[in-house]
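# An overview of the molecular structure
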Amino acid sequence: MGFFTSRHSSVCCAVLALVMFGTLKAQAASSVLIWPIDPVLEADQQASALWLENRGTETANLQIRVFGWSQSGFEEQYRNQREVIGSPPVAKIEPGQKQLVRLTRTKDVPPGQELAYRIIIDEIPSAQPPVAEDGKTAAAIRFQMRYSVPLFAYGAGLWSKEDSARQRDPKGIGLPQLSWRTVAVEGRPYVEVRNQGAVHARLTDVAVTQGGQSKPLAEGLLGYVLPGAVMRWPAPGPVTGELAGRINGAAKVQSIPPAR
């Protein structure tokens, strides 16, 4: 059930409404800083921490939920689950203040496996109407912001994220195993990326190189490919060259081999 509206599309809807009703005033209630942006639950951790900070000028009322995350049919899929619980489920954060969200596992991950989750943080708009400069109630659109943070949990014998503060068994490192191919969908070229590795791949700065020229598939983050999944993205044109990008934040661009 890939039912979530992205933060980008929420803003687009608000902008469209402003075009249609030009006399209205747009307001964003808060600006939330979230860290870390890539939390994990290691095999020996019962809980992990996520911090929320209100950088805005109004109180932020937030709802925090954790969903199971998978990929099927080239789409993101989300499910209700009770394996990882976010606490508190609702937070009221004053301007300049921070809130700790504790991510607690209730069930162990099978040895050697990575499980993926999405932490969805929704802003709950204030019911109080905005006030104009003359003291009267102002007509306004308040957007509801949504933040989505990936969370990965690991079973015994597997790890992925580098951490200098933790002792690691080098044999337990999990790596994605990627391959790609081009397909045509309704006459348009697409790039499909398959991950046959033990852990996810976060793809950024991905570009197609052909004829000595590099054409990006997307600026910055292209997306994730979870273990055992195949994801598809539009290509800038017919692809006959090489595909390369940064995988899981690597400092260097890596070549992704074509499927055999």
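Presented here is a report on the structure given in the accompanying data block. (Residues numbered from 1 in each chain as written. Predicted model: local features only at pLDDT ≥ 70, side-chain atom pairs only at ≥ 80, totals over all residues. Heavy atoms only, no water.)

### Some details on the pairing of strand β5 (residues 60–72)
Sheet topology note: the β5/strand β8 (residues 90–93) ladder contains four bridges and is antiparallel. If you follow Asn61 over to β8, its bridge partner there is Lys92. Relative to strand β10 (residues 114–123), β5 is paired through seven bridges, and the arrangement is antiparallel. Counterpart to Phe67 in the pairing with β10 is Arg118. Where β5 hands over to strand β6 (residues 75–79), the hairpin turn is made up of two residues, of which Gly73 adopts a positive phi near 60°. (Pairing = 2+ DSSP bridges. Helix = DSSP H or I, 4+ residues; strand = E, 2+ residues; numbered from the N terminus.)

### What to know about the sheet that holds strand β18 (residues 230–234)
Strand order in the open sheet formed by three strands is β13-β14-β18, and the pairing between neighbours is antiparallel. If you trace the sheet from one side to the other, it starts and ends with β13 (178–185) and β18, each paired once. Within the sheet, the average angular offset between the axes of one strand and its neighbour, ignoring direction, is 25°. In the sheet, β13 pairs with strand β14 (residues 188–195) via eight bridges, with the strands oriented antiparallel. Paired with Leu178 across the bridge in β14 is Asn195. (Axes fitted to C-alpha atoms, helices over the stretch in contact; angles between N-to-C directions.)

### A word on the packing of aromatic side chains
One pass over the structure, following the stated rule, counts four aromatic pairs. With 6.1 Å between their ring centres and 10° between their planes, Trp35 and Trp51 make a pair best called stacked. Of the two residues, Trp35 is situated in strand β2 (residues 32–35) and Trp51 in strand β4 (residues 47–54); the sequence distance between them amounts to 16 residues. A relative accessible area of 31% places Trp51 in the partly exposed class. Pairing Trp69 with Tyr224 gives two aromatic rings, centres 5.4 Å apart and planes at 75°, and the pair type is edge-to-face. (Phe/Tyr/Trp six-rings, centres within 6.5 Å; stacked < 30°, edge-to-face > 60°. Buried < 20%, exposed > 50% of the residue type's maximum accessible area, 1.4 Å probe, protein only.)

Just geometry here; none of it tells us what the structure is for.
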